[in-house]
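Reading the structure
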Amino acid sequence: MTSQILAVITLSKENIAGGAPIFIEPNKEKMQQTAFTLEKILDAMVHEVREDTLIVVRHK
């Protein structure tokens, strides 16, 4: 099984870098709302990496 990170949603931009699109949100509620929307649009799953960071992953 292969997986691909499609997006990163975070409250803390200082700790994030990479090739996936990064969404910086002002609060946890907005972070979760953005992740849920991307999850549906991209037909993927959201995983919590840290309390302030979520990733959207497509599992194949």
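Residues numbered from 1 in each chain as written. Predicted model: local features only at pLDDT ≥ 70, side-chain atom pairs only at ≥ 80, totals over all residues. Heavy atoms only, no water.

1. Re the environment of I55
When you line up the elements, I55 lands in strand β4 (residues 53-59). Linking I55 and M45, residues 10 residues apart in sequence, is a C-alpha distance of 8.2 Å. When residues no more than four places from it in sequence are discounted, the contact partners of I55 are I5, A7, V8, M45, V46, H47 and V49. (Helix = DSSP H or I, 4+ residues; strand = E, 2+ residues; numbered from the N terminus. Contact = heavy atoms within 4.5 Å.)

2. What to know about the sheet that holds β4
The mixed open sheet is built from four strands, whose spatial order is β2-β1-β4-β3. With partners counted over all chains shown, the strands left at the sheet margins are β2 (22-24) and β3 (45-50), one partner each. Averaged over all adjacent pairs, the angle separating strand axes in this sheet is 25°, with direction ignored. Pairing of strand β1 (residues 3-10) with β4 involves seven bridges; the strand directions are antiparallel. The residue bridging A7 from the neighbouring strand is V56, located in β4. (Pairing = 2+ DSSP bridges. Axes fitted to C-alpha atoms, helices over the stretch in contact; angles between N-to-C directions.)

3. Quick notes on the nonpolar core
Listed in full, the nine residues of the largest apolar core are L6, A7, I9, M31, A35, L38, A44, L54 and V56. Counting only elements with at least two residues in this core, the list comes to β1, α1 (28-42) and β4. Core analysis: the second largest hydrophobic core is formed by five residues, V8, I16, A20 and I55 among them. (Core = buried A, V, L, I, M, F, W, Y, C linked by side-chain atoms within 4.5 Å. Buried < 20%, exposed > 50% of the residue type's maximum accessible area, 1.4 Å probe, protein only.)

4. A closer look at the side chain of S12
Its location among the elements puts S12 in the loop between β1 and β2. Engagement of the side chain of S12 in a polar contact is seen with the side chain of E14, the distance being 3.0 Å. (Polar contact = N/O pair within 3.5 Å; in protein donor to acceptor, adjacent residues only side chain to side chain.)

5. Some details on α1
In this model α1 runs 21 Å from its N-terminal to its C-terminal C-alpha over 15 residues, within 8% of the 21 Å that 1.5 Å per residue would give. M31, T34, A35, L38 and E39 are the residues of α1 that are buried. Within α1, the buried residues cover an arc of 140° as seen down the axis, which keeps them to one side. Summarising the geometry of α1, the exposed residues directed more than 90 degrees from the buried face are E29, K40 and I41. Buried positions along α1 lie against β1, β2, β3 and β4. Directly after α1, the chain includes D43, whose backbone phi takes a positive value near 50°. (Expected span 1.5 Å × (residues − 1). Arc of directions from axis to C-beta.)

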